[in-house]
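Architecture at a glance
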Amino acid sequence: METRVIPVDREHLHRDMLAEAAQLLRDGELVAFPTETVYGLGGDALDPDASRRIYAAKGRPSDNPLIVHIADTGALRVLAEEIPPEAWELAERFWPGPMTMILRKKAIVPDATTGGLPTVAVRMPSDPVAAMLIRESGVFIAAPSANASGRPSPTCAEHVYEDLNGRIPMILDGGSVPIGLESTIVDLTGEIPMVLRPGFITIEQLREVLPTVEYDPAVIKKVKDETIVAKAPGMRYRHYAPKGELTIFEGDLAAVVARVQAEAEAKAAEGYRVAVLASDETKDLYRGLTVRSVGDREEESTVAAHLFETLREFDRMGAEYIYGECFPEEGVGQAVMNRLMKAAGYRIVKI
Ligand code: AMP
Ligand code: MG
């Protein structure tokens, strides 16, 4: 299959630009499109064959459910039942935006979309291309991140093309995404609302609406612990990983830099291709190594925006061993460290 990449001019967005993509979705085909978080691989959420196509294109395990994207809050009533008042409060505050809710699903949502779960994940994206595509197609769009399963999520159309060329008919190219990390997932089906995946919307922000919300234990674990089972099935899998072996060093920043320098130097001396994942503040402190800054420590949203792209760059340079700094876990830092830790397979060295 030939994959067409269609540029969309966000400044002068017009529905005609999305007519073909909308038609593909109505025909049960797949279209990759930008959202404010990462690029999504979309298909008709109520068509089990479209969902199966998504799993096949990504090579995604079929028990890992998809997020259903909607363009107006009222669509919640079509997809979910027993909707608690908290859901409407969250929607009012954070939609459209990078927040996904887990609710009890209605029968209309096929098992193929929810990985057989009795619940459904729903989000209203704020990206104008995504919103217009949902409206124009007239379907709810099931969309996981548009990467091959296990790889870092795509933050531009080139990343999608790298992973899915030949496997999907169309990629809408809306440039680089602003946030760069997947949505915050909040589960509202239990007694206590739980964050199953941290994202750009922080738990502090959620608590302004839902004072009792907690992290699911699987989110904050720092070690590989098989006894803690992730409730968002996707968080169970090795994910976001570069091809090289990534190790994260945690501790006082100066000590981290010294240790990364020493470890990387030693590996390079053995003849391996080595790279360092650093920050704007530290990148010039390393000597004789291949170094990439992922962003500014004082502005952790810049780290979020460039993390996945940097991990992909390490793959392109053929890095066999990657040594990374850790980042403060406040605000969006919680999501940054969650992705980094998973990318490292929890290989973390405390100094
Ligand atoms: P992705 O779109 O690739 O970020 O993947 C969607 C994420 O949402 C995965 O981590 C899924 O496990 C999670 N998810 C989707 N539906 C549900 C659900 N019904 N219950 C719990 N987690 C879900
Ligand atoms: Mg994903």
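Let us look at the structure shown here. Given the structure is predicted, the values throughout are model-derived calculations rather than measurements.

Glancing now at the sheet that holds strand β13 (residues 245–250). Strand order in the open sheet formed by five strands is β15-β14-β16-β13-β17, with parallel pairing between adjacent strands. Only two strands of the sheet have a single neighbouring strand rather than two, namely β15 (291–293) and β17 (348–350). Looking at each pair of strands side by side, their axes are set apart by 20° on average, direction ignored. Here β13 runs beside strand β16 (residues 321–325); their pairing, made up of five bridges, is parallel. Considered in β16, the bridge of Thr-247 is made with Tyr-323. Sitting on the sheet, helix α10 (residues 253–269) touches β13, β14 (274–278), β16 and β17, and the angle it makes with β16 is about 175°. The strands that helix α12 (residues 333–343) touches are β13, β14, β16 and β17; relative to β13, the one it contacts most, it runs at about 135°.

Positionally, Ala-255 belongs in helix α10. Taking the C-alpha atoms as reference points, Ala-255 and Ile-351, separated by 96 residues in sequence, lie 7.2 Å from one another.

Counted under the stated rule, the structure contains 20 salt bridges. The salt bridge partner of Arg-10 is Asp-127, with a shortest N-O separation of 2.3 Å. Of this pair, Arg-10 sits in the loop between β1 (4–7) and α1 (19–26) while Asp-127 sits in the loop between β7 (119–123) and α6 (128–137), placing them 117 residues apart in sequence. Owing to a relative accessible area of 29%, Arg-10 belongs among the partly exposed residues under this scheme.

Ranked by size, the top nonpolar core spans 48 residues in total, and within it Leu-41, Leu-90, Trp-95, Met-99, Met-101, Ile-168 and Leu-206 carry the most contacts. Broken down by secondary-structure element, the contributors of at least two residues to this core are α2 (48–58), α3 (76–79), α4 (85–94), β6 (99–105), β7, α7 (157–164) and α8 (203–209). When residues of this core are assigned to their parent elements, the largest contribution, four residues, is made by α4. Apart from residues no more than four positions distant in its own chain, Leu-206 is found in contact with Leu-90, Phe-94, Met-99, Thr-184, Val-186, Val-195, Ile-201 and Val-213.

Our focus in this paragraph is the pairing of β14. The buried fraction of β14 is high, at five of five residues. Across the two faces of β14 the burial is the same, with Val-274, Val-276 and Ala-278 and Ala-275 and Leu-277 all buried. Sheet topology places β14 next to β16; four bridges connect them, and they run parallel. By the bridge assignment, Val-274 is partnered in β16 with Tyr-321. In the sheet, β14 pairs with β15 via three bridges, with the strands oriented parallel. Note on β15: the bridge partner recorded for Leu-277 is Arg-292.

Calculation notes
- All residue numbers refer to position in the chain's written sequence, counted from 1.
- A letter from A marks each chain and a number from 1 marks each ligand, given out in the order of writing.
- Selection of residues for local features in this predicted model requires a pLDDT of at least 70, selection of side-chain atom pairs for listing and counting requires 80 or more, and totals for whole chains, interfaces and linings are taken over all residues.
- Excluded from the side-chain calculations are hydrogens and water; all other atoms, namely the structure's heavy atoms, are used.
- Following DSSP output, two strands are said to pair if at least two bridges run between them.
- What counts as a helix is a DSSP run of H or I of at least four residues, what counts as a strand is a run of E of at least two, and both are numbered from the N terminus.
- To obtain an axis, a line is fitted to C-alpha atoms, over the contacting stretch when the element is a helix, and the angle between two such axes runs from 0 to 180 degrees between their N-to-C directions.
- Should any heavy atoms of two residues lie within 4.5 Å, those residues are considered in contact.
- What makes a salt bridge here is a side-chain nitrogen of Lys or Arg within 4 Å of a carboxyl oxygen of Asp or Glu, nothing more.
- Relative accessible area decides the class of each residue, using a 1.4 Å probe on protein chains only: under 20% of the type maximum gives buried, over 50% gives exposed, and in between gives partly exposed.
- What is meant by a nonpolar core is a set of buried Ala, Val, Leu, Ile, Met, Phe, Trp, Tyr and Cys residues, joined one to another through side-chain atoms within 4.5 Å.

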